[in-house]
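Chain by chain, the residues:
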Amino acid sequence: MMRQTLKVSSISQIQNDIYVMTLTGDCSKITMPGQFLNIKLDGFYLRRPISICCWDKTSVTIIFKVVGQGTKALAQSAAGDEFDVLLPLGNGFDTSYCKQQPLLVGGGIGVPPLYGLAASLAKQGVTPKVVIGFNTESDIILTEEFRKLGIEPIITTADGSFGIKGFVTDAMKNLEFDYVYTCGPEPMLKAVYDQAPDGQFSFEARMACGFGACMGCTCETKYGYKRICKDGPILYKEEIKW
């Protein structure tokens, strides 16, 4: 983990209350898809943890949804603004576990880190299947970006306005896969868990420090208590305790 000053290179609204922001600076310590950063915002006591979508040594792109005053303030930033950022945080997805038929399953704002994972797998010559789920058509993000990687994502919407009507698990029933990487809301993760033979699950949690000192995001696993920010956010199927 390092503390860096990153500058906003660009920010735009891509769907409803969803924004994409690219920050520039020293991002050379980011090593794995699924890691996150923690942004300090003026006027707010706690930093805001945001998943990393994609990165290189000098820039990082995040996609976030406005859900409160902190993310609202972040959405109102402009090119040239600077932020105090802790990065990279978390353990990230381990692609060495990838088998012959990997499946990436994302829900809502949990899709961006899976795009970063898909890009990493593509560099290894692996083309995974991808299922992404949203509430409605106007929430859909990153489809074109997946297609540029040579992946045609299977899309589900809860209201049936686009793609398969229902949830990601409805699409999973018709697919063959031997390993799952997934990120999204906890009810989705639990449903995916029941269909996954094995895999890695990215959990969300309210965080304070973001690097394991405060113990505020501790959860119970089959092997004892773990901190989502430090020991996660990726947990392995074998250790998850619902």
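The model shown is predicted, which means the values in this text are computed figures rather than measured ones. (Residues numbered from 1 in each chain as written. Predicted model: local features only at pLDDT ≥ 70, side-chain atom pairs only at ≥ 80, totals over all residues. Heavy atoms only, no water.)

**Examining helix H2 (residues 111-123)**
Alright, step 1. In this model, H2 (13 residues) spans 19 Å end to end at C-alpha, consistent with the 18 Å of a helix rising 1.5 Å per residue.
Alright, step 2. Listed in full, the buried residues belonging to H2 are Val-111, Pro-112, Pro-113, Leu-114, Tyr-115, Gly-116, Leu-117, Ala-118, Ala-119, Ser-120 and Leu-121.
Alright, step 3. Elements that come into contact with the buried residues of H2 comprise strand E4 (48-56), strand E5 (59-65), strand E7 (102-107), strand E8 (129-134), helix H3 (143-148) and strand E11 (179-183).
Alright, step 4. Trailing H2 by a residue or two, Gly-125 shows a phi angle of about 80°, which is positive. (Helix = DSSP H or I, 4+ residues; strand = E, 2+ residues; numbered from the N terminus. Expected span 1.5 Å × (residues − 1). Buried < 20%, exposed > 50% of the residue type's maximum accessible area, 1.4 Å probe, protein only. Contact = heavy atoms within 4.5 Å.)

**Overview of the side chain of Gln-200**
Alright, step 1. Positionally, Gln-200 belongs in strand E12 (residues 199-202).
Alright, step 2. Side-chain polar atoms of Gln-200 contact the side chain of Tyr-179, separated by 3.0 Å. (Polar contact = N/O pair within 3.5 Å; in protein donor to acceptor, adjacent residues only side chain to side chain.)

**Section: the nonpolar core**
Alright, step 1. Grouped together as the largest cluster of nonpolar side chains are 26 residues, with contacts concentrated most on Leu-104, Leu-142, Phe-146 and Tyr-181.
Alright, step 2. When residues of this core are traced back to their parent elements, those giving at least two are strand E2 (18-24), H2, E8 and E11.
Alright, step 3. For this core, the element with the highest residue contribution is H2, accounting for six residues.
Alright, step 4. Apart from the residues lying within four places of it in its own chain, the contact partners of Leu-104 are Leu-114, Leu-117, Ala-118, Leu-121, Pro-128, Lys-129, Val-130, Val-131 and Tyr-181.
Alright, step 5. Within the second largest apolar cluster, 24 residues are counted, among which are Val-105, Val-168, Ala-171 and Cys-217. (Core = buried A, V, L, I, M, F, W, Y, C linked by side-chain atoms within 4.5 Å.)

**Some remarks on the UniProt feature "binding site: [2Fe-2S] cluster" (unreviewed entry) in the chain**
Alright, step 1. As recorded in UniProt, the feature "binding site: [2Fe-2S] cluster" (unreviewed entry) lies at Cys-209, Cys-214, Cys-217 and Cys-229. These residues run over 21 residues, yet every pair of their C-alpha atoms falls within 10.2 Å of each other.
Alright, step 2. Relative to the elements of secondary structure, Cys-209 occurs in the loop between E12 and strand E13 (218-221).
Alright, step 3. Ignoring any residue separated from it by four or fewer positions in sequence, one finds Cys-209 in contact with Asn-38, Leu-86 and Cys-214.
Alright, step 4. With respect to the helices and strands, Cys-217 occurs in the loop between E12 and E13.
Alright, step 5. Residue Cys-217 is classed as buried on the basis of its relative accessible area, which comes to 7%.
Alright, step 6. Setting aside chain neighbours within four positions, we find Cys-217 in contact with Ala-205, Arg-206, Met-207, Lys-226, Arg-227, Ile-228 and Cys-229. (UniProt positions renumbered as here; feature names shortened; annotations may be inferred.)

**Brief notes about the UniProt feature "domain: FAD-binding FR-type" (unreviewed entry) in the chain**
Alright, step 1. In the numbering adopted here, UniProt assigns the feature "domain: FAD-binding FR-type" (unreviewed entry) to residues 1-95.
Alright, step 2. Annotation note: span residues 1-95, helix share 7%, strand share 53%, distance between end C-alpha atoms 21 Å.

**Some words on the packing of aromatic side chains**
Working definition: an aromatic ring pair is given by the centre-to-centre distance plus the angle between the planes.
Alright, step 1. Counted according to the given criterion, the structure contains eight aromatic pairs.
Alright, step 2. Both rings, one in Phe-93 and one in Tyr-181, keep their centres 5.7 Å apart while their planes meet at 85°; by these two values the pair is edge-to-face. Taken together, the positions of Phe-93 in the loop between strand E6 (82-89) and E7 and Tyr-181 in strand E11 put the pair 88 residues apart, joining distant regions of the chain.
Alright, step 3. Accessibility expressed as a relative area gives 1% for Phe-93, which makes it buried.
Alright, step 4. Residue classification places Tyr-181 among the buried residues on the basis of a relative accessible area of 0%. (Phe/Tyr/Trp six-rings, centres within 6.5 Å; stacked < 30°, edge-to-face > 60°.)

**A look at the sheet that holds strand E9 (residues 154-157)**
Alright, step 1. Here we have seven strands laid out as an open sheet, ordered E10-E9-E8-E7-E11-E12-E15, and mixed in their pairing. This sheet does not close on itself; its edge strands, each paired only once, are strand E10 (164-165) and strand E15 (234-236).
Alright, step 2. Bridge count between E8 and E9: four bridges; the pairing is parallel. When the bridges of E9 are listed, Gly-133 appears paired with Thr-156.
Alright, step 3. Sheet contacts for H2: E7, E8 and E11; angle to E7, the most-contacted strand, approximately 160°.
Alright, step 4. Sheet strands in contact with helix H5 (residues 186-195) are E7, E11 and E12, and its direction is about 175° off that of E11. (Pairing = 2+ DSSP bridges. Axes fitted to C-alpha atoms, helices over the stretch in contact; angles between N-to-C directions.)

**A closer look at H5**
Alright, step 1. Within the span of H5, buried status applies to Met-188, Leu-189, Val-192 and Tyr-193. Buried residues along H5 cover an arc of 140° about the axis, so they all sit on one side. The exposed set on the far side of H5, more than 90 degrees from its buried face, consists of Pro-187 and Asp-194.
Alright, step 2. The secondary structure elements touched by the buried residues of H5 are E7, helix H4 (168-172), E11 and E12. (Arc of directions from axis to C-beta.)

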